[in-house]
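As a plain string of letters, each chain reads:
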Amino acid sequence: MQKIWKYRFYYYLALPGLIYFIIFHYVPMAGALIAFKDISPFDGLQGFFDAPWVGLKHFERFTSSVYFYDVIENTLIISGLKILFGFPAPIIFALLLNEVLRMSLKRVMQTISYLPHFISWVVTAGMITALLATSGGLITETINDFTGSSINFLGNKDYFVGILVTSHVWKTIGWSSIIYLAAMSSIDPALYESARIDGANRLQMAWHITLPSIMFVIVIMFLLEIGNLLEAGFEQILLLYSPSVYKVADIIDTFVYREGLLALKYSFAAAVGLFKAVIAFFLLYTANRLANRLGQTGLW
Amino acid sequence: MKSQYKTEIFYNYIIVGVLLILTLSFLLPFIVVLSTSLISEAEWAERGGHVLYPKKISFVAYDILFGKSYVLFNAYQVTFLRVTLGTFCNLLFTTTLAYALAQRDLPYRIPLTFFVFFTMVFNGGLIPQFLLVDFLNLRNTIFALFVPTLINGWYFLIMRNFFMNIPKDLIDAAIIDGASPVRILISVVLPLSMPVMATIGLFYAVYHWNEWFYASIYITEGNLKPMQIILRGLLNQATMEGMENISFMEQPPPGASLRAALIIFSTVPILIVYPFIQRYFVKGIMIGGVKG
């Protein structure tokens, strides 16, 4: 008790931040209980407490609805494809940059590669829409010149996921490469020198020295990706999709948004959100445990 | 030996070539948008979308944006307010909490840190968050734009790690000199923490500049709509009639060109600033990545 009194200054410092976490994080967790109730959007705060408990009704409605498999499948497919292409891309990019001998050139290319990271999804979506516009879009018109047919890329189920994955890679590749380049910069140059004396070429050195040296970082980053498997890119999809591609583009988050905030089915949407949060929690927890077991520190 | 030298050169060309193509692909969308924003209706119609560079530069689209738009000016102001006020509060609250929980022998330090950490792996979901902001009557106020995201868990951990790695000797020396905890924080710790403060501050600032979704659900009426909301609204319109009546102009810019100008107009500040601030960001990633 005396010790706590001695440290009172630090508790005062921590208090505002802790109150923030209680109000804006722990209260919503308790609020997720509306998933087990039937609340009406027009009853206000009192209605929240008065609403009848309905058990797992909303969860059952979700799992038995026609959307269930689509939404889960889309989330996993989009997220999985983003990992498949978006995870190795920055590693390869970093390996290539690492081979550039002229420092100034390397720095310029690095800086340019960060550019997409600093642009909002609203602007990115605006540029994608402009480039792929059915009439007047640079990409669409160029393809039209060769094939004579104009494709409505953003409204076509066959192309939409590809556009999501491509724009995701475009936006993240440069920025994600930073951590790998940082790991590469701490590799002992003596390793390369002795390899060179043994007659290894650059490709062999990249394969046998650079890659193994950053393996730990690669594994940690991969686990982090797996932990976030259910984050398929909410804002990106919300800005780009349309009813004609819902079948392939609707993910858990967009479904929650439409059911909850547009259709005002608060309890149902909260149930779907809670369903996701629980699975995400186990994914993150497992990923962190694995990372811990691999050595040194976990993800946090 | 000579052939090995040749393959080396060959390697260099291949690698630099691939990287140059990649680098160009990062820039290409911006070049196309910039060019589109600089042409007139006549040229647009004539070239039918094949616009990599403008043949004849026309500033009509920008004239409209600059000259007549109260909406855009106001949106810029809101975004500016959001970035400054939001970043300031974010930094203030993140720093105080991180510094307190960085005290190695603070009682209950571990459970308190876990209390924050747990919110990073589990959350109540979008709907309860939205209802909370609604119940607190924060909707359509400036507070809705930064209070619900006051402290970011990652940035808190980065800062806490930074504070924990400040050499203890420095603190001990100040204690021996009779400095109070407030004094130590202000005269010893904060001056040492400027790099991490700058980094985290910039992380928050860029977030506030670019954030769209929460603003779109919390700010639905009134004149507090930030840039990204207005931008989204205008980009989504097929024509821009809602903004300006352009039909009376002699050479109206095409909708595409006006939209492109809008993108450039809202992106230029960050395009100018980012090359200078990116090294702080890179530093931040390193601090976060190389955990203490």
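Since we're looking at a predicted model, the values are computed, not measured.

Reading the values: the criteria
Residues numbered from 1 in each chain as written. Chains lettered and ligands numbered in written order. Predicted model: local features only at pLDDT ≥ 70, side-chain atom pairs only at ≥ 80, totals over all residues. Helix = DSSP H or I, 4+ residues; strand = E, 2+ residues; numbered from the N terminus. Rg over C-alpha atoms; globule rule 2.2 N^0.38 Å. Buried ≥ 20, exposed ≤ 12 C-beta atoms within 10 Å, placed from the backbone. Contact = placed C-beta atoms within 7 Å. Expected span 1.5 Å × (residues − 1). Arc of directions from axis to C-beta. Core = buried A, V, L, I, M, F, W, Y, C linked by C-beta atoms within 7 Å. Domains from an automatic or database assignment. Nonpolar A, V, L, I, M, F, W, Y, C, P; charged D, E, K, R; others polar. pLDDT = per-residue confidence, 0-100. Axes fitted to C-alpha atoms, helices over the stretch in contact; angles between N-to-C directions. Parallel < 35°, antiparallel > 145°, perpendicular 65-115°, else oblique. Left-handed = near helix turned anticlockwise from the far one by under 90°.

Peer 1: Got a minute to help me understand the overall build of chain A in this structure?
Peer 2: A count of helical and extended segments in chain A gives 17 helices and zero strands. Its C-alpha atoms give chain A a radius of gyration of 25 Å, more than 25% over the compact-globule value 19 Å for 300 residues. Projected onto its principal axes, the C-alpha coordinates of chain A cover approximately 80 × 80 × 35 Å. Scored against the burial criterion, the 300 residues of chain A give a buried share of 38%. For chain A, restricting intrachain contacts to residue pairs at least 6 apart in sequence, the fraction spanning at least 24 positions comes to 67%.

Peer 1: Looking at this model, I keep getting lost on the overall build of chain B. Mind explaining?
Peer 2: Along chain B, the regular secondary structure elements total 13 helices and zero strands. Element order for chain B, N to C, with α for helix and β for strand: α-α-α-α-α-α-α-α-α-α-α-α-α. In chain B, buried positions account for 38% of the 292 residues. Relative to all contacts within chain B whose residues are 6 or more apart in sequence, the contacts with residues 24 or more apart total 75%.

Peer 1: Help me out: how do you make sense of the environment of Gly137 of chain A in this one?
Peer 2: Residue and element names in this part refer to chain A. With respect to the secondary-structure elements, Gly137 resides in the loop between α8 (121-131) and α9 (138-147). Given 23 C-beta atoms within a 10 Å radius, Gly137 is considered buried. In sequence terms Gly137 and Met127 are 10 residues apart; their C-alpha atoms lie 9.8 Å from each other.

Peer 1: Can you help me understand helix α6 (residues 88-99) of chain A in this one?
Peer 2: Because an α-helix packs 3.6 residues into every turn, residues spaced three or four apart end up facing the same way. Residue and element names in this part refer to chain A. Helix length check: α6 (12 residues) gives 17 Å between terminal C-alpha atoms against 16 Å at 1.5 Å per residue, within 8%. Within α6, burial applies to Pro90, Ile91, Phe93, Ala94 and Leu97. One face of α6 carries all of its buried residues, which in axial projection span an arc of 160°.

Peer 1: I would appreciate a short explanation of the environment of Phe36 of chain A in the present structure.
Peer 2: Residues and elements named next belong to chain A. Within the element layout of this structure, Phe36 appears in the loop between α2 (8-31) and α3 (44-50). For Phe36, a count of 18 C-beta atoms within 10 Å corresponds to the partly exposed category. Remark: the alpha-carbon pair of Phe36 and Phe62, spanning 26 residues in sequence, is separated by 13 Å. Look past the residues within four positions of Phe36 in its chain and what remains in contact with it is Trp53, Val54 and Gly55.

Peer 1: Can you help me understand the nonpolar core in this one?
Peer 2: In terms of nonpolar packing, the biggest core is built from 119 residues, with Ala270 and Val272 of chain A together with Met159 of chain B touching the most fellow members. Here this core gets nine residues from one element, more than from any other, and that element is helix α17 (residues 266-294) of chain A. If sequence neighbours within four positions are ignored, Met159 of chain B has contacts with Thr94, Thr95, Ala98, Val196 and Ile200 of chain B. Of all hydrophobic cores here, the second largest spans 21 residues; its members include Trp170, Ile220, Met221 and Ala287 of chain A.

Peer 1: Would you explain the domain arrangement of chain A in this entry?
Peer 2: By convention, interface size is frequently given as the accessible area that disappears when the constituent parts associate. Residue and element names in this part refer to chain A. If you check the domain split of chain A, you get domain 1 (17-55) and domain 2 (67-294). Taken together, the contacts link seven residues of domain 1 with six residues of domain 2. Residue composition of the side of domain 1 that touches domain 2, by class: five nonpolar, no polar and two charged.

Peer 1: In this structure, what is going on with the interface of chain B and chain A? I would like to understand it.
Peer 2: On the side of chain A, 69 residues touch chain B, which itself brings 76 residues to the contact. Of all the elements, helix α1 (residues 2-37) of chain B adds the most residues to the side of chain B that touches chain A, at 15 residues. Of the residues belonging to the side of chain B that touches chain A, the class tally is 53 nonpolar, 20 polar and three charged.

Peer 1: Quick question: what am I supposed to make of the confidence of the model for chain B here?
Peer 2: When pLDDT is low, close inspection of the predicted coordinates is not appropriate. Per-residue confidence for chain B gives a mean pLDDT of 85, with 88% of residues at or over 70. Reported confidence for the predicted complex is 0.91 by ipTM and 0.90 by pTM.

Peer 1: Before we go on, may I ask you to explain the domain arrangement of chain B in this structure?
Peer 2: When the domains of chain B are assigned, the result is domain 1 (2-58) and domain 2 (69-236). Placing the centre of domain 1 of chain B and that of domain 2 of chain B at their C-alpha centroids yields a distance of 39 Å.

Peer 1: Help me understand the packing of helix α4 (residues 70-100) of chain B against helix α7 (residues 153-164) of chain B, please; the structure alone is not making it clear to me.
Peer 2: All names here are of chain B. Put simply, α4 and α7 touch, their axes get as near as 8 Å, and they point 50° apart. One finds that α4 runs oblique with respect to α7. The two elements α4 and α7 cross, and the hand of that crossing is right-handed. For the pair α4 and α7, contact is made by Thr94, Thr95, Leu97, Ala98 and Tyr99 and by Tyr155, Phe156, Met159, Arg160 and Phe163, respectively. Tallied by class, the residues present in the contact of α4 with α7 amount to seven nonpolar, two polar and one charged.

Peer 1: Any chance you could explain unusual backbone geometry here in plain terms?
Peer 2: Leave glycine aside and you will find that most residues have negative phi; peptide bonds, for their part, are mostly trans. Residue and element names in this part refer to chain A. A positive phi angle, near 60°, is found at Leu264, a position not held by glycine. Locating Leu264 in the fold gives a position in the loop between α16 (252-262) and α17. On the basis of neighbour count, Leu264 is assigned to the exposed category, with 12 C-beta atoms found within 10 Å.

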